[in-house]
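Residues per chain are reported as follows:
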Amino acid sequence: MLVSVKDLERDITTVHASDLISQVLASCSRGALWITGLLDQQIINTAELFDLSGVVFIGNRRPSADIIDTAVEEQIPVLVTKLSMFEACGLLYAEGLQPALRS
Amino acid sequence: MFKKVFRVEGGNFQKAGSVSKQIKKILKQLNLDGELIWRAMIIAYEAEINAVLYAHECQVSLEITAEKIYMRFKDKGPGIPDISLAMTEGYSTATRAMRERGFGAGLGLPNIRKTSDHFEITSTVGVGTTLDIDLFLN
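Residues numbered from 1 in each chain as written. Chains lettered and ligands numbered in written order. Predicted model: local features only at pLDDT ≥ 70, side-chain atom pairs only at ≥ 80, totals over all residues. Heavy atoms only, no water.

Caption draft 1: Expanded view of the overall build of chain A. The helix and strand inventory of chain A stands at 4 helices and 5 strands. For chain A, the α and β elements follow one another from N to C terminus as β-α-β-α-β-α-β-α-β. Against the compact-globule benchmark of 13 Å for 103 residues, chain A has a radius of gyration of 12 Å, which places it among compact chains. Dimensions of chain A, computed from C-alpha atoms along their principal axes, come out at roughly 30 × 30 × 30 Å. (Helix = DSSP H or I, 4+ residues; strand = E, 2+ residues; numbered from the N terminus. Rg over C-alpha atoms; globule rule 2.2 N^0.38 Å.)

Encoded structure:
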C-alpha cells in the first residue's frame, strides 16, 4: 500500500478494471475499486470525482511522486501489486467481488 | 439562486479536472444528494476533458436553483462538423496522444446526454461548441 487514508474501514464489493478513463466515466458505478495499468495524473482526479474506493496499479508499476501527492491530498488509497491485470482480477473475482456496473 | 462562472484552458492537462473539483465542492456544500453530485461530475468532467482535448478555451457557467442544476459549457474551438456522428458511441477524432492518456474512446458526448435530464448541443465549425445541460433536483 503506497497511500493510506484516515478512513480505511470501508467495504468494497465491486471492481472496475481498465486503462481507459473514458470507460470509468461511461460505465463504472460508485464505490468501486479501480485496477489499472495507466499511470496518469488524471487517475486520482477521476477516482476522487467519481467516489471510487481506491486505485490498484498492476504489474509493479510505481506511480510518480505527483500522483502519490495528489492521492494523499484527495485521500484516495493507492496500492501497487506485482500481479498482472489478469491475475489481480482473477483473484478478486474468486473472492466474490462483483463487476462495477451501472444500473 | 447560486451562480458562478469558471474557465477551462484548452490543452492544459495539469489543470484538467480542477473546474469539476470546484463544482463538486460547491454541490457538496449545498448538501445535495450524493447520487446527483456523482451525475453532475460525470457531465462536468466529460465536458471539461473535451474542452482540454479539443478547444482553445471554454467558459463554464453553473447555476443552481431550487429545481435544478444548470451547466453551460461554451467553448472557442474547431467546432463539430457532424453532430449526429459525434453523438455516436465509439466515434472519436482523438489523437494517439489523447488515447495514451486514457481518453478518446468516443464515449464522452453520448455519456453526457445519457446522464443529463435535458441536453442541448450547438456547434459552429471554426467558432466553437456549446452544451446546455439540466439536472433536476427531484
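Caption draft 2: Quick look at unusual backbone geometry. All names here are of chain A. Residue Asp-51 is not a glycine yet carries a positive backbone phi of 55°. Structurally, the position occupied by Asp-51 is in the loop between α2 (42-49) and β3 (54-57). The class for Asp-51 is partly exposed, based on a relative accessible area of 26%. For Gln-75, which is not glycine, the phi dihedral falls at a positive 60°. (Buried < 20%, exposed > 50% of the residue type's maximum accessible area, 1.4 Å probe, protein only.)

Caption draft 3: How the structure looks around the pattern of salt bridges. Residues and elements named next belong to chain B. What the rule picks out here adds up to 14 salt bridges over all chains. Across the pair Glu-9 and Lys-15 runs a salt bridge whose closest N-O atoms are separated by 3.4 Å. Looking at Glu-9, the relative accessible area reads 33%, which means it is partly exposed. The salt bridge partner of Asp-117 is Arg-39, with a shortest N-O separation of 3.1 Å. Taken together, the positions of Asp-117 in the loop between α5 (108-115) and β4 (118-124) and Arg-39 in helix α2 (residues 34-54) put the pair 78 residues apart, joining distant regions of the chain. (Salt bridge = Lys/Arg side-chain N within 4 Å of Asp/Glu carboxyl O.)

Caption draft 4: Spotlight on the pairing of β3 of chain A. Residues and elements named next belong to chain A. Neither face of β3 is exposed, since Gly-54 and Val-56 on one face and Val-55 and Phe-57 on the opposite face are all buried. As judged from the 4 bridges shared by strand β2 (residues 33-36) and β3, these two strands associate in the parallel manner. By the bridge assignment for β3, Ile-35 is matched with Val-56. Once you follow β2 into α2 and on to β3, the crossover reads as right-handed. Across 3 bridges, the pairing between β3 and strand β4 (residues 78-80) is parallel. From the neighbouring strand, Val-55 faces β4, where its bridge partner is Val-78. Traced from β3 through helix α3 (residues 65-74) to β4, the parallel crossover comes out right-handed. (Pairing = 2+ DSSP bridges. Right-handed = clockwise from strand over helix to strand, strands pointing away.)

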